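# Inside the fold
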Amino acid sequence: MKHWLIQHREAFKLIIGRMRHTPLATLMMLGVMGAMLSLPAILYVSVDNLSRFSGGLESEPQITLFLDRDTKPDEVRQLDQRLRAHAAVKEYRFVGRENAWQELQKSSGLGDVTAGLERNPLPDAFIVRTSSADPAAMEQLQKELAQWPHIEHAQLDAAWIKRLYALLELGKKAVLVLAGLLGFALVAVIGNTIRLQILTQREEIEVSKLIGATDRFIRRPFLYAGTLHGLGGGVAAWLMLAGVLYLFNRSVADLAQLYASDFLLHMLGLRESLVLIAGAAALGWTGAYLAVSRYLSAIETD
Amino acid sequence: MIKFDQVGKRYPGGYDALRNISFAIEKGALTFITGHSGAGKSTLLKLIAAIERPTGGTVLIGNQNVSTLRRAAIPYMRRKFGLVFQDHKLLYDRSVFDNVALPLHINGIVGSEAAKRVRAALDKVGLLAREKAMPIALSGGEQQRLAIARAVVSRPAILIADEPTGNLDADCAADIIALFRSFHQVGVTVIIATHDAGGIIPSDAKVLRLDHGELRGDGGKTS
């Protein structure tokens, strides 16, 4: 056990020493890997923030019927019956103007706007869900309902949210594809770096093998080098991402203020950060392992 | 300790480097392997040190058969030997001290214990004052001594040297041979290959003479 620890400590010290010996090359390497990894990370954060933003919104398309402000209660009841009888209406609910007003005042972000108004500007409304999700059918229903008496306005909303969700799904897939491709590139880059290191240390490897070094002994420092490069690249990517978000958030805050919102881009959480950095380290190890397996067998002494 | 029984080594392409070699070397013996260049001396040493495997016959080291050794066991077999290579195989990108420390690191010995052993080995070959020098700054004789220090630092039971006096002048060569004799005197089994049959071989040494891959005059003493 002690022997094993010593071997690992020595390999680790050796690689740290080599990295410190060539600080510029090491930093360049980490920078390149950080930039590569930060691309999918930035995309991920964008998609994540967008879905966070839209998460609170209704996702089912619906038609909102705003009634004339002077509609009488029994006229409302007539409308209610007509809606109940309509085949294309799946379900509906009535939102009285007082309820809507209270809800609006409670909902975050718009408190400042409502506080400035003296009286309730909202009309009564019906919120209608259609039995068909087909956009064309919904549009037809919207036009029909708009012709009914006492309906001031029939609004087909939330269709854009559906589109947004579809886009977000696409974005999530893009993150996966990009992460996969750049992860592959990372493995290749680290593998190549390790290959060059193996070539420059060819003599040492040869002599070590001749005087009784095990394959494991020879592999170990290179695996450490790959893992450390990956780890460093992951940390670099995290820092780059944090920098980009800091930069963006200064503009986002200005923009959000115009809409009386406190929306800000969120950084990766602890778990996601760990996944990024550990994943990068694992990719580094993989690249090193592939290179070492491929090129050490070429330096064969028996 | 080392036993060859009808050993042959054929390289790919059909060239027989060694044919039908049988001999035994006792523990603690001083043995010279002589012969013209191309006679198979280096191949014989490589077979002893488990750097190459025979294509025929059996090679026994201790009681282990090198031919049937698992690949993973070979490094541990090699550690039993101290090897002095014909071309030294020194590492020119590190100091004299670090060159000698390499076998110890492979064995997992580091720190002050390693430093103590490295200095003892350097002292033995007379290079203690040069431990911080780079190998390239050493003379031919000193490089040979450095290679010997690296071979003996992990205190192997068997010391093997391929042409250790190959390109040294007579005085230097005599010093090197004296050095090997001193290891022999403390019980190390020493095997030296040399093309230089005259002069340097001590009278009490066993001689194996190779000629075109075959053994002639096993056990004879030089006159």
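Residues numbered from 1 in each chain as written. Chains lettered and ligands numbered in written order. Predicted model: local features only at pLDDT ≥ 70, side-chain atom pairs only at ≥ 80, totals over all residues. Heavy atoms only, no water.

## Description of empty space enclosed by the protein
One water molecule sets the probe size; rolling that probe over the atoms shows where empty space is left. Going through the model one piece at a time under the given rule, you end up with one cavity of 30 Å³ or more. Considering only enclosed or pocket space, the largest cavity measures out at about 100 Å³ in volume. Every residue lining the largest cavity is listed: A:Ile211, B:Arg79, B:Phe81, B:Gly82, B:Leu83, B:Pro103, B:Asn107, B:Arg150, B:Ala151 and B:Ser154. Those elements that provide at least two residues to the lining of the largest cavity are strand S6 (81-84) and helix H5 (140-152) of chain B. A per-element tally of the lining of the largest cavity places S6(B) first, with three residues. Across the lining of the largest cavity, the residue classes break down as five nonpolar, three polar and two charged. (1 Å grid on protein atoms, 1.4 Å probe; cavity = no way out; pocket = protein on both sides within 12 Å on 5 of 7 lines; lining within 4 Å. Points joined across faces, edges and corners; volume = space filled by probe spheres on them. Helix = DSSP H or I, 4+ residues; strand = E, 2+ residues; numbered from the N terminus. Nonpolar A, V, L, I, M, F, W, Y, C, P; charged D, E, K, R; others polar.)

## Comments concerning the environment of B:Ser203
Residues and elements named next belong to chain B. As for its placement among the helices and strands, serine 203 is situated in the loop between strand S8 (189-194) and strand S9 (206-211). Among the residues examined, serine 203 registers a relative accessible area of 59% and is labelled exposed. Distance from serine 203 to phenylalanine 4, taken between C-alpha atoms, is 24 Å for residues 199 residues apart in sequence. (Buried < 20%, exposed > 50% of the residue type's maximum accessible area, 1.4 Å probe, protein only.)

## Digging into the sheet that holds S8(B)
Residue and element names in this part refer to chain B. The mixed open sheet is built from six strands, whose spatial order is S6-S7-S8-S3-S9-S10. Looking at the sheet topology across the chains shown, the edges are occupied by S6 and strand S10 (214-216). In this sheet, neighbouring strand axes are inclined to one another by 20° on average, regardless of whether the strands run parallel or antiparallel. As defined by bridge partners, strand S3 (residues 30-34) adjoins S8 across five bridges and the pair is classed as parallel. Bridge pairing links isoleucine 33 to alanine 193 in S8. (Pairing = 2+ DSSP bridges. Axes fitted to C-alpha atoms, helices over the stretch in contact; angles between N-to-C directions.)

## Regarding the pattern of salt bridges
Side chains that differ in charge, positive against negative, can pair when their charged atoms come close. In the structure shown here, the tally under the stated rule is 21 salt bridges over all chains. One salt bridge in this structure joins A:Lys172 and A:Glu169, with 3.9 Å as the shortest N-O distance. Here A:Lys172 and its partner A:Glu169 are both found in helix H7 (residues 159-200), three residues apart, which amounts to about one turn of the helix. With a closest N to O distance of 2.7 Å, B:Arg94 and A:Glu204 form a salt bridge. A residue pair is termed interchain when its members come from two chains, as with B:Arg94 in the loop between S6 and helix H3 (96-106) and A:Glu204 in helix H8 (residues 202-210). Grouping residues by exposure puts B:Arg94 and A:Glu204 together as buried. It is possible to trace a salt-bridge network through shared partners that takes in A:Arg9, A:Glu10 and A:Lys13. (Salt bridge = Lys/Arg side-chain N within 4 Å of Asp/Glu carboxyl O.)

## Observations regarding the packing of aromatic side chains
Residues and elements named next belong to chain A. For the coordinates displayed, the defined rule picks out five aromatic pairs over all chains. Relative to tyrosine 289, the ring of tryptophan 285 lies with its centre 5.0 Å away and its plane at 15°, an arrangement referred to as stacked. Of the two residues, tryptophan 285 and tyrosine 289 are both situated in helix H10 (residues 270-296); the distance of four residues between them amounts to about one turn of the helix. Residue tryptophan 285 is classed as partly exposed on the basis of its relative accessible area of 39%. (Phe/Tyr/Trp six-rings, centres within 6.5 Å; stacked < 30°, edge-to-face > 60°.)

## Things to note about the domain arrangement of chain A
Domain annotation for chain A reports domain 1 (2-56 + 162-301) and domain 2 (63-157). When each unit is reduced to the centre of its C-alpha atoms, the spacing between domain 1 of chain A and domain 2 of chain A is 52 Å. (Domains from an automatic or database assignment.)

## What to know about the packing of helix H9 (residues 215-258) of chain A against H10(A)
Residue and element names in this part refer to chain A. The contact between H9 and H10 brings their axes to 7 Å, and the two run at 150°. In terms of axis orientation, H9 runs roughly antiparallel to H10. H10 is crossed by H9, and the crossing has right-handed handedness. From H9, Ile218, Arg219, Phe222, Leu223, Gly226, Thr227, Gly230, Leu231, Gly234, Val235, Ala237 and Trp238 reach across to H10, where they touch Ser273, Leu276, Ile277, Ala280, Ala281, Gly284, Trp285, Ala288, Tyr289, Val292 and Leu296. When the residues that make up the contact of H9 with H10 are grouped by side-chain class, the tally is 16 nonpolar, six polar and one charged. (Parallel < 35°, antiparallel > 145°, perpendicular 65-115°, else oblique. Left-handed = near helix turned anticlockwise from the far one by under 90°. Contact = heavy atoms within 4.5 Å.)

## Concerning the pairing of S6(B)
Residue and element names in this part refer to chain B. Across the two faces of S6 the burial is the same, with Phe81 and Leu83 and Gly82 and Val84 all buried. With four bridges joining them, S6 and strand S7 (residues 158-162) adopt parallel strand pairing. From the neighbouring strand, phenylalanine 81 faces S7, where its bridge partner is isoleucine 158.

## Focus on unusual backbone geometry
All names here are of chain B. In this structure, glutamine 6 takes a positive phi of about 50° despite not being glycine. Structurally, the position occupied by glutamine 6 is in strand S1 (residues 2-11). Residue classification places glutamine 6 among the exposed positions, given a relative accessible area of 52%. Of note, the phi angle at asparagine 20 is positive, near 50°, even though the residue is not glycine. Within the fold, asparagine 20 resides in strand S2 (residues 15-25).

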